[in-house]
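Next come the chains, spelled out residue by residue.
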Amino acid sequence: MSEKKLQASISSIALQRLKDAVGDKGFIDAPADMERYLLEERGLYRGAAKAVLRPASTEEVAAIVTICAQTKTPIFPQGGNTGLAGGAVPWEDGKGIVLSTARMNRVRNVDPIDYSITVEAGVILADVQKAADAVDRLFPLSLGAEGTCQIGGNISTNAGGIAVLRYGNTRALVLGLEVVLPDGRVWQGLRALRKDNTGYDLKQLFIGAEGTLGIVTAATLRLFPKPKEIETAFLALSRVEDVMELFSRARMASGDQLTAFELISRFGVDMATHHIPGVTDPLAEKFPWYVLLEMSSSEAQSGIKETLEQFLGEAMEAGLVKDGTIAASQQQARGFWRIREGLVEAQKYEGGSIKHDISVPVSRVAEFILAANKAVSDRLPGIRPNAFGHVGDGNIHYNVHSPVGADAGVFVKRWEEFARLVHDIAMGMNGSISAEHGIGRLKRDDLARYKPAIELELMHRIKNAFDPDGIMNPGKVLLP
Ligand code: ZN
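Residues numbered from 1 in each chain as written. Predicted model: local features only at pLDDT ≥ 70, side-chain atom pairs only at ≥ 80, totals over all residues. Heavy atoms only, no water.

Enquirer: Can you walk me through the overall build of the chain in this structure?
Expert: A tally of regular secondary structure across the chain gives 17 helices and 19 strands. In terms of C-alpha radius of gyration, the chain reaches 23 Å, essentially the compact-globule figure of 23 Å for 480 residues. The dimensions of the chain, computed from C-alpha atoms along their principal axes, are 80 × 55 × 45 Å. Residues counted as buried form 52% of the 480 residues belonging to the chain. Excluding contacts between residues fewer than 6 apart, the proportion of contacts in the chain whose partners are at least 24 apart in sequence is 73%. (Helix = DSSP H or I, 4+ residues; strand = E, 2+ residues; numbered from the N terminus. Rg over C-alpha atoms; globule rule 2.2 N^0.38 Å. Buried < 20%, exposed > 50% of the residue type's maximum accessible area, 1.4 Å probe, protein only. Contact = heavy atoms within 4.5 Å.)

Enquirer: Can you walk me through the sheet that holds strand β1 (residues 27–28) in this structure?
Expert: The strands making up a sheet are joined through hydrogen bonds of the backbone, oriented either antiparallel or parallel. Read across the open sheet, the four strands follow the order β1-β2-β4-β3; overall the sheet is mixed. What marks the edges here is a single partner per strand, and that holds for β1 and β3 (75–78). Relative to strand β2 (residues 51–53), β1 runs antiparallel, the two being bridged by two bridges. The partner of phenylalanine 27 across the bridge, within β2, is leucine 53. Packing against the sheet, helix α3 (residues 58–71) makes contact with β2, β3 and β4 (97–100), and its axis sits at approximately 165° to β4. (Pairing = 2+ DSSP bridges. Axes fitted to C-alpha atoms, helices over the stretch in contact; angles between N-to-C directions.)

Enquirer: I tried to follow helix α13 (residues 365–379) on my own but got confused; where do I start?
Expert: The periodicity of an α-helix, 3.6 residues per turn, causes residues three or four places apart in sequence to face the same way. Over its 15 residues, α13 extends 21 Å from the first C-alpha to the last, a length consistent with the 21 Å expected when each residue adds 1.5 Å. Considered for burial, the residues of α13 that qualify are Val365, Ala366, Phe368, Ile369, Ala372, Ala375 and Val376. (Expected span 1.5 Å × (residues − 1).)

Enquirer: What's the story with the coordination of the zinc ion in this structure? I'm lost.
Expert: When four donors bind a metal tetrahedrally, each ideal donor-metal-donor angle is 109.5 degrees, and when six bind octahedrally, the ideal angles are 90 or 180 degrees. His390 (NE2), His397 (NE2) and Glu436 (OE) make up the full set of protein donors to the zinc ion, lying at 1.8 to 2.2 Å. Here the donor residues of the zinc ion share one chain and are spaced in sequence as H-x6-H-x38-E. Taken as a pair, histidine 390 in strand β18 (residues 384–390) and glutamate 436 in the loop between α15 (415–428) and α16 (444–450) lie far apart in primary sequence, 46 residues in all. One exposure class covers both histidine 390 and glutamate 436, and it is buried. (Donors = N, O, S within 2.8 Å, 3.2 Å for Na, K, Ca; no water.)

Enquirer: Mind showing me how you'd approach the side chain of serine 297 here?
Expert: Locating serine 297 in the fold gives a position in strand β14 (residues 289–297). A polar contact is formed between the side chain of serine 297 and the backbone nitrogen of glutamate 299, at a distance of 3.0 Å. Residues within four places of serine 297 in sequence aside, it is in contact with Pro227, Lys228, Glu229, Gln257, Ser302 and Ile304. (Polar contact = N/O pair within 3.5 Å; in protein donor to acceptor, adjacent residues only side chain to side chain.)

Enquirer: How should I be thinking about the pairing of strand β8 (residues 174–180) in this particular structure?
Expert: Residues in a regular strand project their side chains so that they alternate between the two faces of the sheet. Within β8, seven of the seven residues are buried, which leaves it mostly tucked inside the rest of the structure. Relative to strand β10 (residues 215–222), β8 runs antiparallel, the two sharing six bridges. Within β10, the position partnered with valine 174 by the bridge is leucine 221.

Enquirer: For this particular structure, what's the right way to read the packing of aromatic side chains?
Expert: Applying the stated criterion across every chain, the model contains eight aromatic pairs. Taken together, a centroid distance of 5.7 Å and an interplanar angle of 40° make the contact between phenylalanine 234 and phenylalanine 336 tilted. Taken together, the residues phenylalanine 234 in strand β12 (residues 229–237) and phenylalanine 336 in helix α12 (residues 330–346) connect sequence positions 102 residues apart. You can call phenylalanine 336 buried: its relative accessible area is 2%. Each member of the aromatic cluster is reached from another via a ring pair, and the members are Trp187, Phe206 and Phe466. When the ring centre of tyrosine 115 is taken as reference, the NZ or CZ atom of arginine 137 above it lies at 4.2 Å. (Phe/Tyr/Trp six-rings, centres within 6.5 Å; stacked < 30°, edge-to-face > 60°. Lys NZ or Arg CZ within 6 Å of the ring centre and 35° of its normal.)

Enquirer: How do you make sense of the nonpolar core when you look at a structure like this?
Expert: Among the nonpolar cores identified, the biggest contains 51 residues, and Leu246, Phe261, Leu293 and Phe368 are the most heavily contacted of them. For this core, the secondary structure elements donating two or more residues are β12, α9 (243–253), β13 (258–265), β14, α11 (304–317), α13, β19 (395–401) and α15. When sequence neighbours within four positions are dropped, the list of residues in contact with leucine 293 reads Glu231, Thr232, Ala233, Leu235, Ala250, Leu258, Ala260, Phe261, Leu308 and Phe311. Counting 30 residues, the second-largest nonpolar core is a separate cluster that includes Ala132, Leu138, Cys149 and Val174. (Core = buried A, V, L, I, M, F, W, Y, C linked by side-chain atoms within 4.5 Å.)

Enquirer: Would you take a moment to explain the pattern of salt bridges for this structure?
Expert: Pairing of side chains with opposite charge becomes possible as their charged atoms draw close. Within the structure shown, the criterion is met by 30 salt bridges. Note that aspartate 270 and arginine 266 form a salt bridge whose closest N and O atoms lie 2.8 Å from each other. Placement of both aspartate 270 and arginine 266 in helix α10 (residues 266–275) is noted, with a separation of four residues, approximately one turn of the helix. Arginine 266 sits in the buried class, given a relative accessible area of 12%. When the shortest N-O distance is used, the salt bridge between arginine 334 and glutamate 341 registers 3.2 Å. Residue classification places arginine 334 among the partly exposed residues on the basis of a relative accessible area of 43%. Through salt bridges with shared partners, a single network forms among Arg106, Arg108, Glu120 and Glu178. (Salt bridge = Lys/Arg side-chain N within 4 Å of Asp/Glu carboxyl O.)

Enquirer: What exactly am I supposed to notice about the pairing of strand β5 (residues 107–111) here?
Expert: As defined by bridge partners, β5 adjoins strand β6 (residues 116–120) across four bridges and the pair is classed as antiparallel. Residue pairing for β6: valine 107 is matched across the bridge by valine 119. Between β5 and β6, which pair antiparallel in sequence order, lie four residues; one of them, tyrosine 115, sits at a positive phi of approximately 50°.

See the structure below:
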């Protein structure tokens, strides 16, 4: 038997073993059925795989990984496949398998006294929120994809979202993890401890590792008191330079009860109101910049409405806010948020767009936006920047759209060129090229360019220590 034939037969035997490990329900190899696991939502990446495995338990995940470790088969772990950086789809060579956590969707335990919840990796984020809500608690992680994304993916990408300002990134919300290691063993680290000062905090290595060190199969997460009063305001600014002063004052005025502080540009409002049905501009006049602000309190008679009104009055008097409105009902507050969500959705209808997810120190957000606007406009007159996002975290989604009438395809081909421009500016301000979307394959080369050599070396050493054969999401985050 030739070597090539031998390999082919080993691989089909391995595939049969994998099928036996999960049963018919957990095994997909028909091309049409695999499609949704191979294509990333935004359409930038379409991979290939020998099969998609959908284990229903940690034991099944361990069995799959053991077989893959023995046969050195690449594994591409996947949650809800809502990522934006090519982290969850396999490579085009089709040599590996996709491991979807979708069937591991049990809430194992909710403990209101511990303020903790233990869930399996495949539980949809919105379902984690609901399970917490049912015992009068809050699980604060919240992002656009929450109806589809899975908690395992949120953890593996250290997801951010709109409540980071108050509650931190996913990293801050994880108390313990259960992980299947690249050799198939299970690390049982599901602890609900608030304090555990016993050396290296191993769970932190798996959070944000994008499945390159192991597969998160379950997590114990931190819960909070549920907000009883939420106030939402939509404020207009004449200059982006005023946004940090406004933010700083809002934090002080609210007794640090600020839960969201989102920047939106006029272009963003125009896009959302033009392309997304039901989205309207709550203000009569048009302004260049807006802030969507939310304060919340777990007290029932907190007085935050009065606090917000007073803050707003003072900010207007100081000239920081030109106009603004406080939502009079939950429905109106939803309407404000629809602008923020709608502008993300609307981007695909507004020519080609090149997207960045940078962060800088909070104090330098406006400086970054102005410098980036100038740099991209100098390079391509008529380019349309859509800067929006989480000012309170220093995180701006700095997306640029093709000039009106320009060829979208031609524009998007200049992705790397514009990414370099924008990332150079962020890095020049001690910033980051990926604030919350991760690295995946989209920013892998940029990571190698911008990370200090010593950090890259340590990252490679960690990868090699956990996964010496390089079977876990190979080629993602780090160059092989
Ligand atoms: Zn974001």
